[in-house]
Each structure stands twice: as C-alpha cells, then as structure tokens.
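# Descriptive analysis of the structure
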Amino acid sequence: MKHIKFLFLFLAISMVSCDYLDIVPDNNPTMEDAFKRPGEAQNFLFSLYSFMPAENDMFKSIGLWGTDEMVTPWDRSWYYAKRMMKGELNANEPFFDYWTTEGDIDLYDGIRQGYIFIENIDNVPGLDPVFISQWKAEAKFLIAYYHFILLRQYGPIVLMEKSISLEAPDEEFFPKRRPYDQCVDFIANLLDEAAADLPATVSDQTEYGKPSAIAAKSIKARLLLYAASDLFNGNAEFYSNFKNKDGEALMNTTYQADKWNRAATAIKDAIDLAEGNGVELYNYTDDVADQFEQYTSNYRYMMVDGWNKELIWGYSIQEGYYGWQRHSAPANGIGTTYNGQAPTIRMVEAFYTKDGLPMDVDPDFDFTGRYDVDGETVKLHIEREPRFYATIGYDRGNYEINNGVTPLRMRFDEAHGYANDRNDYSPTGYLVKKGVHPNTTFTESKDNFVKYPWPIIRLAELYLNYAEALNEANGAASHTEVIRYLDDIRERSGVPGVITAWQKVGKSSFTKEEMREIIRTERTIELCYEGHRCWDVRRWKMGQDLFNKPVKGWNINGSSANEFYQVVDTENRVFTSPGYYLFPIKIDELEINTNLVQNPGW
C-alpha cells in the first residue's frame, strides 16, 4: 500500500502546489512560504474557491442541462449533462467526476487544501486575529460546501476531517464511506462552526461571492431538506442492501418524520437571520408601462440584477463569451447568438394560468384545446401568469433583449426557426428568457452582455424550502404558515394567492398530499433554469417518471401555424433506477481504495 500512498499524496501535493506556486516569489516554494506573509495567506484562501463547480456554465454544470426543463440542438462529447440525460452515464469514465484526482474537479483536494489553510493560518506573522477567525470560517464553509456537493451527488461519502499525512495508517489513507446520516451531521456541524465566525452579510463589494453567516445557515437548511426527502429518508426500496464491506449500513432505511422538523427549524433560522439583515424578495424599481410589466420585470430582473437584496450567495465568476445569455438569445442574423436553449413543452405547461391555477384545474382555461391555434399563436400561450411571459420566448411572442424587443419568428426557415442549413436553432420552438438580461446587446454594432452573479441561494428558495418542510412535518396544521410564504413569492410576480386561486374551484383547505403538489409546482416554476430541478426530481424519487421519457416540442419543420403547432417528441431521454439517482464512483478509484463500495445500480 505504501507505494500507492506515495503516489496519492504526490498527486495531492502537486495539486496544492499548482494553486500557490504563483503566490510566493521563491524559486523553490514550500508550504511554509504560502503562510509567510498575510497577502500570500490570503491568496491561498482565494485559491480554495477555485474548486467551486461553475454554476453558470451549461457545459460544466450538472443542473442546467441535466433536467427536463430544456433541450438543445448541439451534440459534443464534452456536453456531459446532455449525454447523461440521453443515457450515457457510466462508471468507467463517469461524467462530472468530482471524487477522484483525475476527475473534472477534485473536491477532496479542495477540502484537503482547506484543512492545510486552517492548520497554518495561525502561524502568519502580523495577521490580525479578526482576519484569522474570519478566514478560518471561510475555509470551514468551503470544506463543508464541498462535502455537501459530494453528498448530493454520490450519497454516502468519505468524510475528510483533517489533512492526511503519508505516515497515516491505511484506514485513514484509504477510508471507507460513512453512513449518510453521519455525513449530514458532520456537514451541518461544520456549517454551524463557520456561521459563528462569518459576518451576517457581505457588504464590501470587493468581497462579493464570499460566504456570509446567512449563506452558511442556508446551505445547512438545504442540506437538511435533502436529507429529509424521499431518496434519503427511509428508502428501503433502493438501499436496503447498500452497505460497506464490513456490513455497516450506509443508508437508514427506516423513515424518520422528525428529519422534517429538524429541516424546518434550520430553514426558519436562516430566514430569520436573512430577513433581520435586510434580505428581501426582489422588486424592480425602474419605470414600467403598467402593472403587468411590473410583475414580469420583478421576476425577469430578479436573477440578472446583480447582487440585489434577494441574493444570499452568488457564483461571482462571470460567464464567458460562450455563456448562458449568448446560447439563449434569439438569432441576430450575424451568427453571434446561438438561439438554442429551448424550453420543453412540459416546462411551458407547468406555469399557472393568469388566475394562479394549474391549466388542467382552471375551469376558464381550455386545457383540452390548449394546442389549438388562436390567431397567430396557440391557446397554450394566452392568459398565463406573468412568470411565464418573463421566462418563455414563444413563436409570435416578444423577446426583450438589445435594450428593446425582438418579435420571435420560430417556424421553419423563419428568422429564429429551424432551417436545413442551420446548426443553431430551437429544437422545441421556444427560447429561454430567464437569465438573459434585457439590456444585453448582440447586434452588428455592439456585442455586450450584462454580467451578473449566478444565484446559488436566494430568499425565495428558503421560503419554498420552509413551506415544504412544514407541510411534510405537520400537514394541514401548518398550512396557514405554509401559504403565507408561498403567497409572498406569488404576490411578487402577480400570481393570486393560494386560497384566492383555489377558491375559484371551491377549495379553501388542503390535505398534506394536495399541498405537496402545490409546493412542488410552485418550486418548479419559481426556481426553473437555476439548477435546482435536477436535484429536486432525484430527492423526490421521481426520476423514473419525469426523466425517463422523451421531451416534447413543436414541429419545427412546420411553416404554417397549423403545421408548426403539432406536438412531437424532440429528444429521447433515459433515466435508469436506482443507478441514475446517485452518480457512480469511477471504477479505477474502487481499485485504488478497496475499502470503497460502489453505488447501487452501478
């Protein structure tokens, strides 16, 4: 084992060296050099953030393309999320390998560097103790966050509780996986420690993107929400035989209702701290033509108005040239926009009617005839809630971009539609507006996209998390409070409150199961295209139902309205159970560390 240990540690040290070699001026830098002066120590701290997954990069993010919200026309070998959704995930060369030293991101190396920072920062001469305390807290937060990302993706993981030396015994250097609930407790405790020494908010613009105490509590809240959910709470169907080689169970297969209470308490703690420090739902404050534009602007700008009061923590590395906005923006005739991030009909149909009800519930909405042509469009696009119009670009509708409005023409051989010689087109006949700033400009005379931090956590998510946890913990007894938080979100976007909406069909009270569907629909709408649904569908154990069937769109080969508005299968999707619920660990890693066991289904 010693030669494997040496190789493993060499790779780890090499990774660390790559991050701090440029920090110190010496020709033969050592670890001590990185902590000789405050500036170099701070640079080492900055390097810890480099392990964060690129939340705003469709090609590197799991959640943006790894969902039924969207389909794209492009096929490349490195478009891993698209390949995953088509059934190509595998254990030989797994996509989004965050576990191994040869993977896409070696998160364990990021964790290791975090501990190296904590173990050395006290030795920096002349460093203010206030900075020592806060910087340690940042490192603890990142250690906890990287563990959380691994846990979300792989389920039970190896917990790294300190940096490991070459002389460590085999059981430390080649550890086994730890039971899921132990992992949750470890991460939650580390986030508590970080929150105690982090500032409540980050007010210095030069430090935007760093975690606050609110962010730490919010990640803890999300962690506990996930832990209480169906996939991880009493899931004997998938995990009754999921054990370490010594027989230790890696999942508790007995449902524990109290996990929802624990989650609710943590979420409320995060909400209270956030609201007590000025965090609030975003509202657009510039001039608008009417109330409807106010509502659509509230939602559209909520994501792209940088560092606004709703944002709790954002991914501050801004998108590059080949980013979200350019791939979503309608074709401009000069080839600098890619016109291809296409909402699926399932996502289009998720939005409420103007009266705040699902389409198939609202008696005033012609659900049966929703695909019928009405004027230049179909009934599906008429009299929907404001978030629909802020999010979905549809044929014969408007797309707000270039400091103006672009009328969309999505049919065959039209300006924004498919044609035989085009590689950049919408496979469904829709385009995503959300995440594209209306002032972003892609024209012949100007190419400039408005940059903003991608939201990792915002207040509306906390409200939705709290509503879900309360309903699962207490059912109808908590619905007054549940509805209050749902209504706050709906009101911001001009959607009638829950009771007001449902009274239209004679309902003023709900069972736990009915409220669960309302909450999940609200979450699907409010958080769409932000990277949540990939994980929500998994934790709800709905992957087989939602991700294992073709996504649908319009007939993009149609030239007339009647030809275009025909629902067709756009792309086949594959989701195998239980394998696709947790990602596989690379087979090579299992051969290096023989104490590891593979995830079920792989």
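Residues numbered from 1 in each chain as written. Predicted model: local features only at pLDDT ≥ 70, side-chain atom pairs only at ≥ 80, totals over all residues. Heavy atoms only, no water.

The helix and strand inventory of the protein chain stands at 22 helices and 14 strands. The C-alpha atoms of the protein chain give 25 Å as radius of gyration, which agrees with the globular expectation for 602 residues (25 Å, within 12%). A principal-axis box enclosing the C-alpha atoms of the protein chain has dimensions of 75 × 60 × 45 Å. Burial analysis of the protein chain (602 residues in total) assigns 57% to the buried set. A separation threshold of at least 6 residues defines the contact pool for the protein chain, and within that pool the share at least 24 residues apart is 70%. (Helix = DSSP H or I, 4+ residues; strand = E, 2+ residues; numbered from the N terminus. Rg over C-alpha atoms; globule rule 2.2 N^0.38 Å. Buried < 20%, exposed > 50% of the residue type's maximum accessible area, 1.4 Å probe, protein only. Contact = heavy atoms within 4.5 Å.)

Quick look at the pattern of salt bridges now. Going through the model one piece at a time under the given rule, you end up with 55 salt bridges. For R37, the salt bridge goes to E40, with nearest N and O atoms at 2.7 Å. Across the pair D569 and K552 runs a salt bridge whose closest N-O atoms are separated by 2.4 Å. Separated by 17 residues along the polypeptide, D569 in strand β14 (residues 567–571) and K552 in strand β13 (residues 551–554) bring together distant segments of the chain. Several salt bridges share partner residues, and in doing so they unite E310, E385, R387, K434, R458, R490, R492, E522, E526 and E530 into one network. (Salt bridge = Lys/Arg side-chain N within 4 Å of Asp/Glu carboxyl O.)

Here we take up the pairing of strand β2 (residues 311–315). Consecutive side chains of a regular strand alternate in pointing toward one face of the sheet and then the other. Counting buried positions over the 5 residues of β2 gives 5, a clear majority of the element. Bridge count for β2 against strand β12 (residues 454–458) is 4 bridges, and the pairing is antiparallel. Looking at β12, one finds that W313 is bridged to I457. (Pairing = 2+ DSSP bridges.)

Alternating residues of strand β7 (residues 398–401) divide into Y399 and I401, all buried, and N398 and E400, none buried. Where β7 meets strand β8 (residues 404–407), 4 bridges bridge the pair, whose relative direction is antiparallel. The residue of β8 that forms the bridge with E400 is V405.

Next up on the list: helix α7 (residues 180–197). Over its 18 residues, α7 extends 27 Å from the first C-alpha to the last, a length consistent with the 26 Å expected when each residue adds 1.5 Å. Taken residue by residue, α7 has Y180, C183, V184, F186, I187, A188, L190, L191, A194 and A195 as its buried positions. (Expected span 1.5 Å × (residues − 1).)

Moving on, we come to the nonpolar core. One recurring pattern in soluble globular proteins: nonpolar side chains tend to sit buried together. Counting residues in hydrophobic clusters, the biggest one holds 183 residues, and the most contacted among them are F141, Y145 and W324. Ranked by the residues each element gives to this core, the list is headed by helix α5 (residues 129–154), at 15 residues. (Core = buried A, V, L, I, M, F, W, Y, C linked by side-chain atoms within 4.5 Å.)

Topologically, T337 is positioned in the loop between α12 (324–328) and β3 (342–343). Within the local environment of T337, its side chain forms a polar contact with the backbone oxygen of P330, the two atoms lying 2.8 Å apart. From its side chain, T337 meets the backbone nitrogen of N332 in a polar contact 3.2 Å long. Ignoring anything within four residues of it in the chain, the contact list for T337 reads R326, A329, P330, A331, N332, D424 and F442. (Polar contact = N/O pair within 3.5 Å; in protein donor to acceptor, adjacent residues only side chain to side chain.)

Attention now goes to the environment of G335. Structurally, G335 can be placed in the loop between α12 and β3. A residue is classified by how much of its surface remains accessible, and G335, at 54% relative accessible area, is exposed. Separated by 99 residues in sequence, G335 and A236 place their C-alpha atoms 52 Å apart.

In this section: the confidence of the model for the protein chain. When the pLDDT values of the protein chain are averaged, the result is 94; 95% of them are 70 or greater. Below pLDDT 50 for its whole length, residues 1–28 participates in 51 contacts with residues either more than four positions away or in separate chains. (pLDDT = per-residue confidence, 0-100.)

On to the packing of aromatic side chains, then. Going through the model one piece at a time under the given rule, you end up with 51 aromatic pairs. Between F141 and Y145, the ring centres sit 6.1 Å apart and the planes meet at 10°, which makes this aromatic pair stacked. One end of the pair is F141 and the other is Y145, both in helix α5 and 4 residues apart, which spans about a single turn. Residue classification places F141 among the buried positions, given a relative accessible area of 0%. A centroid spacing of 4.5 Å and a plane angle of 5° characterise the contact between Y180 and F232, whose relative ring orientation is stacked. Within this pair, whereas Y180 is found in helix α7, its partner F232 is found in the loop between α8 (213–228) and α9 (236–239), the two being separated by 52 residues in sequence. The exposure classification of Y180 matches that of F232, with both residues buried. Chaining the aromatic ring pairs together yields one cluster made of F238, Y239, F242, F547, F575, Y580, Y581 and W602. (Phe/Tyr/Trp six-rings, centres within 6.5 Å; stacked < 30°, edge-to-face > 60°.)

So, about empty space enclosed by the protein. This structure, assessed with the given rule, holds 6 cavities of 30 Å³ or more. Lining the largest cavity are 19 residues, and of these E55, R152, E530, G531 and W535 sit closest to its centre. Of all the secondary-structure elements, those providing two or more residues to the lining of the largest cavity are α5, α8 and β12. At 3 residues, β12 tops the list of elements feeding residues into the lining of the largest cavity. Within the lining of the largest cavity, the residues separate by chemical class into 11 nonpolar, 4 polar and 4 charged. (1 Å grid on protein atoms, 1.4 Å probe; cavity = no way out; pocket = protein on both sides within 12 Å on 5 of 7 lines; lining within 4 Å. Points joined across faces, edges and corners; volume = space filled by probe spheres on them. Nonpolar A, V, L, I, M, F, W, Y, C, P; charged D, E, K, R; others polar.)

Within the fold, G87 resides in the loop between α3 (80–85) and α4 (107–120). We classify G87 as partly exposed; its relative accessible area is 31%. Separated by 486 residues in sequence, G87 and R573 place their C-alpha atoms 6.8 Å apart. With sequence-adjacent residues up to four places away left out, G87 is seen in contact with V574 and Y580.

Note the cis peptide between S577 and P578, where omega equals 5°. Assignment of secondary structure puts P578 in the loop between β14 and α22 (587–592). The backbone phi angle of W307 is positive, close to 50°, even though this residue is not glycine. Take W307: it is sitting in the loop between α11 (291–304) and β2. The phi dihedral of N402 is positive, around 60°, even though this residue is not glycine. For N402, the location among the structural elements is in the loop between β7 and β8.

With that out of the way, let us pick up the environment of E376. Relative to the assigned elements, E376 resides in the loop between β4 (373–374) and β5 (377–378). Taking the C-alpha atoms as reference points, E376 and G397, separated by 21 residues in sequence, lie 9.3 Å from one another. Leave out the neighbours within four places in its chain, and E376 touches D395, R396, R411 and Y565.

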